[in-house]
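Topology and contacts: notes
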Amino acid sequence: MSFIDLQNIDFRYPEEPDEQLVLKGISLSIQKGEFLSIIGANSSGKSTLGRLMNALYLPVKGTVIVNGMNTLDEEKVFDIRKTVGMIFQNPDNQIVATTVEEEVAFGPENLCLPNKEIRKRVDEAMDLTGLKPYAQTPPHLLSGGQKQLLAIASVLSMKPSCMIFDEPTSLLDPKSRKMVVKKIVELNQQGITIVLITHRMEEVLLSKRVIVLYEGQIVKDMTPGELFQMTEQDLNKIKLYPPEIIKIISRMKQEGMEIPPHIYSTSDLVSFICPSK
Amino acid sequence: MSIEIKNLSFIYDKGLSFEKTALINASAEVLEGEIVGIIGHTGSGKSTLIQHMNGLIKPLEKDKVFVDGEDLFDHKKEIHAICQKVGMVFQYPEMQLFEETVEKDVGFGPKNLGLNEEEIQQRVVEALDMVDLDYEKMKNRQPFFLSGGEKRRVAIAGTLAMKPKYLILDEPTAGLDPFTREQILDEVMKINKEKGITIIMVSHDMDEISRLSDKLYVMHKGIVALSGKTKEVFAQHEKISELGLMIPQVTEVLLGLSKCWKDIDYSIFNLDKAVKEIIRCRKSHGN
């Protein structure tokens, strides 16, 4: 059985009962340990889909099963949220404590764990995210990237088996972005199931499978490699905008140049055309 | 006519134990009609520099900032009149939306100028039009229920309604999806080319800055590390890498290929032209 299973989901916001459906007929299975990206333009429904996976939203039709638990089952909601952690775009919105250490301890403290266990989990989470040196630092003195790592650490201390990242890098500068992306890959290597919601096509390359949402429906379920083979025009039709390098490759192909399918970075392209001796 | 900053230094909380140097001897000149890009890491002094340009930060001691030849902090003059020439759109400007309707929000500035109703409305219509929003459709909508891209545009329109001659945009596309980003960039171009408003734009995205800007300032630890025409600046790719910054992807490709083809022109930022250049070189070198 899949780890997360969405069966024929419809969704609209409860506060807007007369509006159109935000998600229509979504079926999706995610296996344990998988690294899945969800990509789509703004308001394509990708954040909503993420939130259905840890019972922040409940479907109006269909079922979401997380590790055998139905999100509609009220008694299971806490267990589901412990299983599936969520990281949002803006870390400032989820940081509450006055020091890094306390922030990371907030979750386990609320689980009423023994002190020893809390200490252990906090240390582990800070080690994993490289925040140990900042244990006593107030979060507002951290850089944007470090704050996002802190948000990750405070979810990690809950020992989730799955983490959903909702555009975790879109507010970060390029340097911090690299730092956070690297961490996400490491977490997956340690066995945590990852769902990465993004609108940056290059980030999709980190995962093994990508889902494209367009106007509330899944229009593609493929490997990142396959996605990068699509022409710029076809991508634009589903409101995806490829990175510059893909635009360049796509134009070169149109001009009749033959470029093998596995090339999606500037260095790949350069060494293909101009191999170093 | 220009904004002129000469040898400007700035220290936050000067004299206190946690004082922080933000600018060291920075000079910049923004000429009328230009699009000027400012790039650099977080904390490199970009924001401090642009906030000097419309008087949000008062220069320390003898340093001066001139807008159209007038000293921003010449006490004999009314600072407001000069500052109004320079409109500022902060990072995530949608966080500053506060009114009940789009019309009121965009009209807030003009209203405070004491303009009459008719004139305010006209300015709101024009400002919304510049960011491709329809006044009739938008005027009664609540800013908080707009999409991210719409909010960003309404916020930019709020500054445009003040009819600035110079418009400063601090990372105008940050956090937007690529589709909306392209639209906003097109609008910025139009505001510059059609309305003649001078643009000063801070960005982390080398691809967009290379395409838009005529001139570029690269900030590093409070110093203007590089400046000049955009293509001349990106041609100094080694220096840029030393500063830990990226170069546009198209430049990366063209520069990489220059190892094989010495004559390739790597100052091209337009993708179609770049591909033509690659094909030209390939033919003339026969590989």
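Residues numbered from 1 in each chain as written. Chains lettered and ligands numbered in written order. Predicted model: local features only at pLDDT ≥ 70, side-chain atom pairs only at ≥ 80, totals over all residues. Heavy atoms only, no water.

What follows is about the interface of chain B and chain A. Counting residues at the interface gives 31 residues for chain B and 27 residues for chain A. Where chain B abuts chain A, roughly 2800 Å² becomes buried across the two surfaces, and 67% of that area is made up of carbon and sulfur atoms. Interface area lost by chain B to chain A is led by Phe179, Gln249 and Leu271 of chain B, which between them contribute 19%. At the junction of chain B with chain A, the criterion picks out one salt bridge. Measuring nitrogen to oxygen at the nearest pair gives 2.7 Å for the salt bridge that ties Asp272 of chain B to Arg251 of chain A. Inspection of the region where chain B meets chain A yields seven residue pairs in polar contact (both at pLDDT 80 or more). Looking at the side of chain B that touches chain A, the elements that each hand over two or more residues are α7 (178–193), α8 (206–212), α11 (249–257) and α12 (271–285) of chain B. Class assignment for the residues of the side of chain B that touches chain A results in 14 nonpolar, eight polar and nine charged. (Contact = heavy atoms within 4.5 Å. Buried area = accessible area lost by both parts, 1.4 Å probe. Salt bridge = Lys/Arg side-chain N within 4 Å of Asp/Glu carboxyl O. Polar contact = N/O pair within 3.5 Å; in protein donor to acceptor, adjacent residues only side chain to side chain. Helix = DSSP H or I, 4+ residues; strand = E, 2+ residues; numbered from the N terminus. Nonpolar A, V, L, I, M, F, W, Y, C, P; charged D, E, K, R; others polar.)

Below, the discussion takes up the domain arrangement of chain B. Residue and element names in this part refer to chain B. Assigned domains within chain B: domain 1 (1–85 + 167–175 + 196–245) and domain 2 (248–287). When each unit is reduced to the centre of its C-alpha atoms, the spacing between domain 1 and domain 2 is 32 Å. Listed by partner, the interface residues are eight residues for domain 1 and seven residues for domain 2. Together domain 1 and domain 2 conceal approximately 700 Å² of surface at their shared face, both sides included; 72% is due to carbon and sulfur atoms. If you look at where domain 1 meets domain 2, you find zero salt bridges. The interface formed by domain 1 and domain 2 holds one residue pair in polar contact (both at pLDDT 80 or more) in total. Breaking the side of domain 1 that touches domain 2 down by element, the ones donating at least two residues are α8 and α9 (230–235). For the side of domain 1 that touches domain 2, the element with the most residues is α9, which contributes four residues. Per-class residue counts for the side of domain 1 that touches domain 2 are three nonpolar, three polar and two charged. (Domains from an automatic or database assignment.)

Right, let's talk about the pattern of salt bridges for a bit. Opposite charge on two side chains permits them to pair, given that their charged atoms come into close proximity. Per the counting criterion, the structure on display carries 36 salt bridges over all chains. The salt bridge partner of Asp234 of chain A is Lys237 of chain A, with a shortest N-O separation of 3.2 Å. Highlighted residues: Asp234 of chain A and Lys237 of chain A, both in helix α9 (residues 232–237), separated by three residues, approximately one helical turn. Here Lys190 of chain B ties to Asp132 of chain B by a salt bridge, and the two come within 2.9 Å at their closest N and O atoms. Taken as a pair, Lys190 of chain B in helix α7 and Asp132 of chain B in the loop between α4 (117–130) and α5 (135–138) lie far apart in primary sequence, 58 residues in all. For Asp132 of chain B, a relative accessible area of 44% puts it in the partly exposed group. (Buried < 20%, exposed > 50% of the residue type's maximum accessible area, 1.4 Å probe, protein only.)

Pairing between sheet strands relies on hydrogen bonds along the backbone, with the strands arranged either parallel or antiparallel. All names here are of chain B. The sheet built from four strands is open, its strands ordered β2-β1-β4-β5 with antiparallel pairing. Since the sheet does not close on itself, it has two edges, and those belong to β2 (20–31) and β5 (70–71), each with one partner. Where strand β1 (residues 2–12) and β2 come together, eight bridges link them in antiparallel fashion. Along β2, the bridge assignment pairs Ile11 with Thr21. Contacts from helix α1 (residues 46–53) reach β1, β2 and β4 (65–67) within the one sheet, and its direction differs from that of β1 by about 125 degrees. (Pairing = 2+ DSSP bridges. Axes fitted to C-alpha atoms, helices over the stretch in contact; angles between N-to-C directions.)

Residue and element names in this part refer to chain B. This model, assessed by the stated rule, comprises eight aromatic pairs over all chains. Plain terms: the ring middles of Phe10 and Tyr12 are 5.0 Å apart, the flat faces sit at 80 degrees to each other, and that makes the pair edge-to-face. For Tyr12, a relative accessible area of 33% translates into the label partly exposed. Plain terms: the ring middles of Phe98 and Phe108 are 4.9 Å apart, the flat faces sit at 90 degrees to each other, and that makes the pair edge-to-face. In this pair, Phe98 is assigned in the loop between β6 (86–89) and α3 (102–112) and Phe108 in helix α3, connecting sequence segments 10 residues apart. (Phe/Tyr/Trp six-rings, centres within 6.5 Å; stacked < 30°, edge-to-face > 60°.)

Of all residues in chain A, 100% attain a pLDDT of 70 or more, and the chain-wide mean is 92. Per-element confidence in chain A is highest for strand β3 (residues 35–39) of chain A, whose mean pLDDT is 97, and lowest for helix α6 (residues 174–189) of chain A, whose mean pLDDT is 90. (pLDDT = per-residue confidence, 0-100.)

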